[in-house]
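Fold and contact review
Below, each chain spelled out in residue letters.
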Amino acid sequence: MIPIKLEIQGLYSYKEKQTIEFDQLTAAGLFGIFGAVGSGKSSILEAILLALYGSTERLSDRGEKTSMVNLQSESLLINFEFKAGKNNSNTYIARYSTKRNPKKFDDVKAAEHTFYLKTATELQPLTLRGEEILGMKKEHFKQTVIIPQGKFKEFIDLTPGPRAEMMKELFGLERFDLSQKTGSLLKNVLHEKTIQKTHLDILEGYTDELVEEKEKEIKHIAEQAGVLEKEFQKADSSFKKQEQIQALYLSLQNFQKEWAELESKKAAIEEKKAVYKDFLKAKTYLKPIWDQIEEKNKEIEKHRVSLIDCERFKENYTKETEQKESEEADLKEKANKKSERESKIRDLEKVKEIQEIQEKIKDTENEIDVIRPHLEAKKSAQQLLETKINTLEAELDGNPIPDSNQLAELKSAVKDWETWTKSKKSLGSEIKSLEGSIIGIQDGITSLQKEIPAHETSFESWTATLKNQIRESESKRDKLIQKRGLSAHIHLLEDGKPCPLCGALEHPEPLFIDNQDSFLKDLESDIEKCRSTIEELVEFSKKLAEFNFKKETISQLLESKNSEVLSLDIEFKKLEEKLKQQKFEDMHAVHRFLQDTETAIQKREVQGKELKTWKKNWQDEKAGLEAEEQKLRGLEQGLLTLHTLQNSKRNDIKDMGFCHPFFEKDAASILLTIQKVQMDIDKTADLLNGIQKVLVEIRAKQATNLANLENSKKALDDAERKNRELRELFTQLKAEHGFEDEEKLFELFHHRLDADKVEIEIRNFEQRVHLVQSRIEEIQKTEGINSFNQESFEELKTGLEAKAKAVDTIKKEFTLLDREIRESKEKLRDKKRIQETYGKLENRESNLRELEKLFKGSGFVKYVSSIYLKELCNTANIRFNKLTKNSLSLEIDDNNTFWVVDYLNGGKKRLLKTLSGGQTFQASLCLALALAEKVKSLNQADQSFFFLDEGFGALDRNSLRVVFETLKALRHENRIVGIISHVEELQQEIEVYAKIELDQEKGSQVRYSF
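Residues numbered from 1 in each chain as written. Predicted model: local features only at pLDDT ≥ 70, side-chain atom pairs only at ≥ 80, totals over all residues. Heavy atoms only, no water.

With that settled, the discussion passes to the nonpolar core. When a protein is soluble and globular, its nonpolar side chains tend to lie buried together. Counting residues in hydrophobic clusters, the biggest one holds 49 residues, and the most contacted among them are Leu 6, Phe 82 and Phe 141. Considering every element that reaches this core, the biggest residue donor is helix H2 (residues 42-53), with nine residues. If sequence neighbours within four positions are ignored, Phe 82 has contacts with Met 1, Ile 2, Pro 3, Ile 4, Leu 52, Asn 90, Thr 91, Tyr 92, Ala 94, Ile 133 and Leu 134. Judged by nonpolar contacts, the second largest core, of 35 residues, contains Leu 407, Leu 410, Leu 427 and Leu 448. (Core = buried A, V, L, I, M, F, W, Y, C linked by side-chain atoms within 4.5 Å. Buried < 20%, exposed > 50% of the residue type's maximum accessible area, 1.4 Å probe, protein only. Helix = DSSP H or I, 4+ residues; strand = E, 2+ residues; numbered from the N terminus. Contact = heavy atoms within 4.5 Å.)

What follows is the structure, given as structure tokens:
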């Protein structure tokens, strides 16, 4: 992870928004963040943790985070831009924000915590959390990348168990924890082995001899099927010939019946043909001419009506034109006086405006008289409020509150104490529950073991005994079946003749078997009972294996819970010692101190709110006072402008004598007079314009009507001439086509005959007559048609069906036997395959049992973790030897405990805890750098970032110089190192840094050396 930019607002002492430009700081490789104690240096690291993981170092996640919001701020906002991912190739932005409840100051709303992927064009919202983006938990982040104040020695102080667990989580060593997977695989193998064994028992009856016997039987059936198939094919050929003749015979009978029906319809079709012929001549030659004659009659009538209308319109247009011309002359005379009347309207409008200005002058003077005394009273109240604000500020400065960092640590301790207490209680309940589960599982195991008979040691031995019983019973059954088969040939034995089975000529003791059916049934029943018992034993074995697996799993979990209880007891003791160092006897004393401090803070918050309210009121009143003063000046200036405008309007009136009487009237009367005159002017203009438009329209219509009159006369003459010509042509065509009766012709015109349908009907009839006649002649020529007999045909059909049934029966018998042979062969192949698989499973079971012993109890993970810790120790020694001038080196034993080799005392070893404060810092620094280097390699990054808060105060001047030289050398390893400190020597050595200063009004402020 490489930081780019951090924006903080409203966090602890950061009242105003401050930006830490990490991209400029990290460019130097080594940079510092310096400032006095309490200036807000460590808050920068807390802001990064809050942005990435949503929790701080000082305050717990349960309720105390409300105290991190600045007491003079309404909201908290953190924006952190950083690089992460493989080789730090992606840029992300983490945003954390929250607000106070405006109605309740102590209530801080739930925070909004979001992440974005920054691209060249946009910010893409992400559902990933900081732990997923960085690939490590918060606790590991604090030990490898950003080490907060007081947490530098945490990795060294871890006990071997948690230290190994950290290595497991940080480097993904859980992939080496294969115990559960191995147990699961072994369980699956045992289950599969049982299944395969059951399958082998089922397939035990399938043998090669059985298949050979069935193949001989199917060969005999195949020969019989061949003979029957030839007989069937011969009968089928004869039947098919008779079947074709039968089809032709039935077809001949149908055609002869249809020919009789066609002969009965012939007369009606001939009549339709005659009507159809006359109808076509009338429609084709005469009807179109008659339709034109009818159309011309309608056209003549239309022109006659139009001629009458045009004559009437001619007379009406002449009278209307004379009337409109008279009205036009009167309106023109009245419109010529428009300019004189409009001048008087303008004078009256000025009189009305002067009256309105006079009213505004009176209103303005009244408003000025009201504002002046109210303004003086507000000035006096403003001075009194300013005095009260100064007094309260002096009182607040005289009552300081305790250090916020100490309060936060104590609150965190109280929360931790309560959490650990609840956790310990919960763990106790879980331990009792787990112990009860183990007892229940043991009862289940005991219950299953009681099912085993006294003469058997386990389910496996019981199963083996039953299988032996099955084999013995099957052997007896096979021998009995064999004897029954031999007894069937006793009647063939005769002295002096060979035996049909063995060929012997003498038969001294022939085998005679009594009825053994009941004994055979008993054997079959015993075999079935044994197999059923074996299946039950398989289920019992599965349950027993599951019980043992659950018991082992719960035992491991119980051991883990007991270990957690011991860890909590250690944490309780550490916390009690830490509180005693701060002079607190117990947790009750801490509670009393926090309550007293909270009371003082609440009082200060109430006074602060009151002061804030007074200041806000003072600002509001000041703004209102300035607004009223501005308003008064505006009114006075407006009054002067109104007097000037009134005098200007009086000078613009042209006919004062006409307007003088109107100064005594009200504005409504003047406005009414103006409106009446203006309406009369507008009405005269509108009427004149309207009459002139009407005259233009009437004259245009008159001209159009005269033209229509001439056109109608001409069109009437043309239509009458064309009509006479069409009537002569119609008479000529009627005689030509033989239509002497005109009424009959008109009936044909209106006849509803569907010509196309009649034509199709006639054509189809003629085609069908020809087809039926030709088919009858063709069928009668066929050989054997006249000698066909239906009864002989039915007898032939019955015989064919009997032969087909016989062929089908023997084919089915062949198919069933063939299927049995194929299934038997398949079962034999399955049997061989299962036997091979069963052997492999036995080998795999043996291997998995060895692996189970190896991986039991996470032993392999602990071994790999130890290797990682030893490599970490070797890497740290490269720097630690240099810092201690080759006098000390670090080692780690098989129990993951750190030791120090003291070369000044003969290379003897002692615990790491025996080092001095400065030496412990050096060892912690070297281990932290080595751990960060491993994480860098894990993330495949070219650059890595390491941030350290404090820890340098325990070093002397020479050690500080050596440490500083070590940190500067990291730049050559493509490392970025940040230091937070108040040590002056470091400030003088580091050129690039950010300076944090605490301003009483603005809060923490960030300054830079560049």
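Picking up where we left off.
Across the sheet, three strands lie side by side as S10-S11-S12; this open sheet has antiparallel pairing. The sheet is open, and its two edges are formed by strand S10 (888-892) and strand S12 (908-911), each paired on a single side. Shown here is a sheet whose adjacent strand axes are inclined to one another by a mean of 35 degrees, direction ignored. As defined by bridge partners, S10 adjoins strand S11 (residues 898-902) across five bridges and the pair is classed as antiparallel. When the sheet's bridge partners are listed, Ile 892 is paired in S11 with Phe 898. Seen against the sheet, helix H19 (residues 859-883) touches S10 and S11 and runs at an angle of roughly 175 degrees to S10. (Pairing = 2+ DSSP bridges. Axes fitted to C-alpha atoms, helices over the stretch in contact; angles between N-to-C directions.)

A surface patch of negative charge is lined by Glu 16, Glu 997, Asp 999 and Glu 1001. Structurally, the position occupied by Asp 999 is in strand S15 (residues 993-999). We classify Asp 999 as partly exposed; its relative accessible area is 32%. (Patch = residues over 30% accessible without salt bridge, like charges linked within 9 Å, V, L, I, M, F, W, Y side chains within 5 Å. Areas by Shrake-Rupley, 256 points an atom, 1.4 Å probe, with all protein chains shown as cover. Salt bridge = Lys/Arg side-chain N within 4 Å of Asp/Glu carboxyl O. Lys, Arg positive; Asp, Glu negative; His and termini not counted. Charge placed at Lys NZ, Arg CZ, Asp CG, Glu CD.)

Here the focus is the UniProt feature "coiled-coil region" (unreviewed entry) in the protein. With numbering matched to this structure, UniProt assigns "coiled-coil region" (unreviewed entry) to residues 211-272, 520-578 and 699-782. Structurally, residues 211-272 comprises 100% helix and 0% strand, and the distance from its first C-alpha atom to its last is 84 Å. (UniProt positions renumbered as here; feature names shortened; annotations may be inferred.)

Let us look at helix H8 (residues 208-335). With 128 residues, H8 extends just 134 Å between its outermost C-alpha atoms, more than 12% less than the 190 Å of an ideal straight helix rising 1.5 Å per residue. The axis of H8 is deflected most strongly, by about 45 degrees, at Leu 286, and proline Pro 288 appears within four residues downstream. (Expected span 1.5 Å × (residues − 1). Bend = angle between axes of the 7 residues up to and from the residue.)

The next thing to look at is the environment of Ser 866. As for its position among the elements, Ser 866 is in helix H19. Note: C-alpha distance between Ser 866 and Asp 893 (27 residues apart in sequence) is 8.5 Å. Separated by 3.0 Å, the side chains of Ser 866 and Asn 896 make a polar contact. (Polar contact = N/O pair within 3.5 Å; in protein donor to acceptor, adjacent residues only side chain to side chain.)

Take the packing of H8 against helix H15 (residues 667-736) next. The angle between the axes and the distance between the axes are what describe a pair of packed helices. Look at H8 against H15: their axes get within 5 Å of each other, and the N-to-C directions meet at 160 degrees. The pairing of H8 with H15 is recorded here as roughly antiparallel in orientation. The two elements H8 and H15 cross, and the hand of that crossing is left-handed. Classifying every residue of the contact of H8 with H15 gives 27 nonpolar, 13 polar and 20 charged. (Parallel < 35°, antiparallel > 145°, perpendicular 65-115°, else oblique. Left-handed = near helix turned anticlockwise from the far one by under 90°. Nonpolar A, V, L, I, M, F, W, Y, C, P; charged D, E, K, R; others polar.)

Bringing the pairing of S12 into the picture now. Note that S11 and S12 share four bridges and pair antiparallel. Pairing of Val 900 across the sheet is with Arg 910, part of S12. Once S11 ends, the chain turns through five residues before running back antiparallel as S12, passing Gly 906 with a positive phi of about 75 degrees.

With that settled, the discussion passes to unusual backbone geometry. Excluding glycine, residues mostly have negative phi values, and the peptide bonds linking residues are mostly trans. Located in the positive-phi region is Lys 885, a residue other than glycine, with phi close to 55 degrees. Considering the arrangement of structural elements, one finds Lys 885 in the loop between H19 and S10. Exposure remark for Lys 885: the relative accessible area of 68% places this residue in the exposed category. Even without being glycine, Asn 896 reaches a positive phi, approximately 60 degrees.

Let's shift gears to the packing of helix H9 (residues 338-397) against H15. Contact geometry for H9 and H15: axes closest at 10 Å, N-to-C directions at 160 degrees. Classified by the angle their axes make, H9 and H15 are roughly antiparallel. Between H9 and H15 lies a crossing of left-handed hand. Of the residues in H15, those touching H9 at Lys 338, Arg 341, Glu 342, Ile 345, Leu 348, Glu 349, Val 351, Lys 352 and Gln 355 are Ala 667, Ile 670, Leu 671, Thr 673, Ile 674, Val 677, Gln 678, Asp 680 and Ile 681. Per-class residue counts for the contact of H9 with H15 are nine nonpolar, three polar and six charged.

Here we come to the pattern of salt bridges. For the coordinates displayed, the defined rule picks out 28 salt bridges. Lys 561 serves as the salt-bridge partner of Glu 430, at 2.9 Å between the closest nitrogen and oxygen. Of the two residues, Glu 430 sits in helix H10 (residues 404-450) while Lys 561 sits in helix H12 (residues 517-581), which places them 131 residues apart along the sequence. Judged by relative accessible area, which is 31%, Glu 430 ranks as partly exposed. One salt bridge connects Lys 840 with Glu 836, and the closest N-O pair in it is separated by 3.7 Å.

Summarising the element assignment, Ile 48 is placed in helix H2. Once the C-alpha coordinates of Ile 48 and Ser 887 are considered, the two residues, 839 residues apart in sequence, prove to be 38 Å apart. Those residues within four positions of Ile 48 in sequence are excluded, and the remaining contacts are Leu 6, Phe 22, Phe 80 and Ile 146.

Side-chain positions along a regular strand alternate between the two faces of the sheet. Strand S14 (residues 975-981) sits mainly inside the fold: seven of its seven residues count as buried. Because side chains alternate across S14, one face comprises the buried residues Arg 975, Val 977, Ile 979 and Ser 981, and the other comprises Ile 976, Gly 978 and Ile 980, equally buried. Both strand S3 (residues 30-35) and S14 contribute to a ladder of five bridges, which runs parallel. Note on S14: the bridge partner recorded for Gly 32 is Ile 979. The pairing of strand S13 (residues 944-949) with S14 spans six bridges and is parallel. Residue pairing for S14: Leu 948 is matched across the bridge by Ile 979.

Before going further, it helps to examine the layout of surface pockets. The space that makes up the second largest pocket amounts to roughly 910 Å³. Of all the elements in the fold, those that place two or more residues in the lining of the second largest pocket are helix H7 (179-202), helix H11 (459-487), H12 and helix H18 (790-855). It is H12 that provides the largest number of residues to the lining of the second largest pocket, a total of eleven residues. Of the residues contributing to the lining of the second largest pocket, the split by class is eleven nonpolar, seven polar and eleven charged. (1 Å grid on protein atoms, 1.4 Å probe; cavity = no way out; pocket = protein on both sides within 12 Å on 5 of 7 lines; lining within 4 Å. Points joined across faces, edges and corners; volume = space filled by probe spheres on them.)

What follows is about the side chain of Ser 865. You can see Ser 865 is positioned in helix H19. Judged by its relative accessible area of 1%, Ser 865 falls in the buried class. What Ser 865 contacts, discounting residues up to four positions off in sequence, is Ala 164, Met 167 and Leu 173.

Between its first and last C-alpha, H2 extends 16 Å over twelve residues, near the 16 Å set by a 1.5 Å rise per residue. Burial within H2 is extensive, with twelve of its twelve residues counted as buried. For H2, every residue scored as buried is listed here: Ser 42, Ser 43, Ile 44, Leu 45, Glu 46, Ala 47, Ile 48, Leu 49, Leu 50, Ala 51, Leu 52 and Tyr 53.

This part covers the sheet that holds S14. A sheet is described by the order of its strands in space; here six strands give the open sequence S9-S13-S14-S3-S15-S16, paired in mixed fashion. One side of each edge strand has no neighbouring strand; the edge strands of this open sheet are strand S9 (146-147) and strand S16 (1003-1008).

Quick look at the packing of aromatic side chains now. In this structure the tally under the stated criterion is ten aromatic pairs. Considering the side-chain rings of Phe 34 and Tyr 993, the 5.6 Å spacing of their centres and the 55 degrees angle between planes classify their relative orientation as tilted. Taken as a pair, Phe 34 in strand S3 and Tyr 993 in strand S15 lie far apart in primary sequence, 959 residues in all. Taking relative accessible area as the criterion, Phe 34 reaches 0% and is therefore assigned buried. (Phe/Tyr/Trp six-rings, centres within 6.5 Å; stacked < 30°, edge-to-face > 60°.)

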